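Below, each chain spelled out in residue letters.
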Amino acid sequence: MKINLDNYLGSKPFLYGRDLLKRIGAKQRYVNEYDVAEFLGYEIKEINDKQFQEFKQRYGHDYDIGNLFDDNFCAVSIPKESVMLIYANLFKNRKRLTIFHESGHEILPWHIANAFSLRGRDIDPTAHKQIEREAFLAGTEIMYPLKHFIDDSRSLSLSFQSINGLSDLYNGSFEATGIRYALTNHNIMAIVVVKENTPVEEQITFLNGNGNGQLIFPNMPKFKKIKPASTAPLRVQYCSHAYKFPKFIKSGTEIERNNLIYECWSQQRYKQGEIPASVFGSSAQFKYFAECIYHQEKVFVLLWLTDKQIYFGERWYS
């Protein structure tokens, strides 16, 4: 892969988002996504379900458009025609984020010709996840200009209500705004997204067979049975945190019952209180202040600690 060194600012995606804001002369809080796409030389075309087959036949040999729109990723850039295809049925804030995301691919010099914005079957899943994260970070740097966003964020209390207000102000989704809020926050805080725990491929076993998958009775059909690895009902999908937040909460961490997060999920109701660090697998003896909300079949958990506390190793002192 060759990188144009004339455009290379470093390995951090946010550098390219900030550079684009300078190049387009953006001074205001609100950045128009269509202006950004036009500056990058792209025309936005919205396609509906009836047009899907037409575009699939037109571009399908070069782009995996079938998978692209089937799995709700909902956008693809066609560099050779300077067009960005967007699924027409998206909500406005999702459409806005999607355009910035595609723009993120375009401005990162190692994302060659936006090819990585596709659901390509030849891309390693881990690498693809990293590539998509980079495009998101570059795109949200444009969508939520840093100085304005920090000023707005600091003028509000630390709460999910503030994130709702910011999402309205910047016309962004609650989740995308929450990630930006956490990554740029000056408090000791994090947002943890928790979802239902589901069995993975390694947890699949076969009835009427031995451990090698061979059947004990050769004429008996083989049936697949899925067993959860544990009884934990929930697991961490991801964690976004401010730079002051001291504990790394790993994706995949299982969340048991009898805590604020489980209560929020099982009752689908807002909860506020304290959550022991042990809920996230830590041996540290302290508790987070927490807000939990149920949103789109997930639990969003806002965690914070006061600045009066000082961290030493595995212990907290007040």
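Residues numbered from 1 in each chain as written. Predicted model: local features only at pLDDT ≥ 70, side-chain atom pairs only at ≥ 80, totals over all residues. Heavy atoms only, no water.

Draft legend 1. Expanded view of the sheet that holds strand β11 (residues 298-305). Spatially, β8-β7-β4-β11-β10-β9 is the arrangement adopted by the 6 strands of the open sheet, whose pairing is antiparallel. In this open sheet, the two strands that pair with only one neighbour each are β8 (254-255) and β9 (271-276). Summarising the sheet, strand β10 (residues 287-295) and β11 pair through 7 bridges and their orientation is antiparallel. Residue pairing in the sheet places tyrosine 294 in a bridge with valine 299 of β11. Sheet contacts for helix α10 (residues 260-267): β4 (188-196), β7 (234-241), β8, β9, β10 and β11; angle to β9, the most-contacted strand, approximately 145°. (Pairing = 2+ DSSP bridges. Helix = DSSP H or I, 4+ residues; strand = E, 2+ residues; numbered from the N terminus. Contact = heavy atoms within 4.5 Å. Axes fitted to C-alpha atoms, helices over the stretch in contact; angles between N-to-C directions.)

Draft legend 2. Representation of the nonpolar core. With 46 residues, the main nonpolar core has Ile142, Phe160, Met189 and Ile191 as its most contacted residues. Look past the residues within four positions of methionine 189 in its chain and what remains in contact with it is Leu158, Tyr181, Ala182, His241, Ala242, Phe245, Leu302, Leu303 and Trp304. In this structure, Val192, Tyr262, Ala284 and Leu305 belong to the second largest nonpolar core, which totals 28 residues. (Core = buried A, V, L, I, M, F, W, Y, C linked by side-chain atoms within 4.5 Å. Buried < 20%, exposed > 50% of the residue type's maximum accessible area, 1.4 Å probe, protein only.)

Draft legend 3. Examining the pairing of strand β3 (residues 83-87) more closely. Here β3 lies mainly inside the structure; 5 of its 5 residues are buried. Side chains of β3 alternate between two faces, with Val83, Leu85 and Tyr87 and Met84 and Ile86 buried alike. As paired strands, strand β1 (residues 43-47) and β3 are joined by 5 bridges and run parallel to one another. Directly across from glutamate 43, in β3, lies its bridge partner valine 83. In sequence, strand β2 (residues 75-78) turns back onto β3 through a hairpin of 4 residues, with serine 82 there showing a positive phi of about 50°.

Take it as geometry only, folks, not as evidence of what the structure does.
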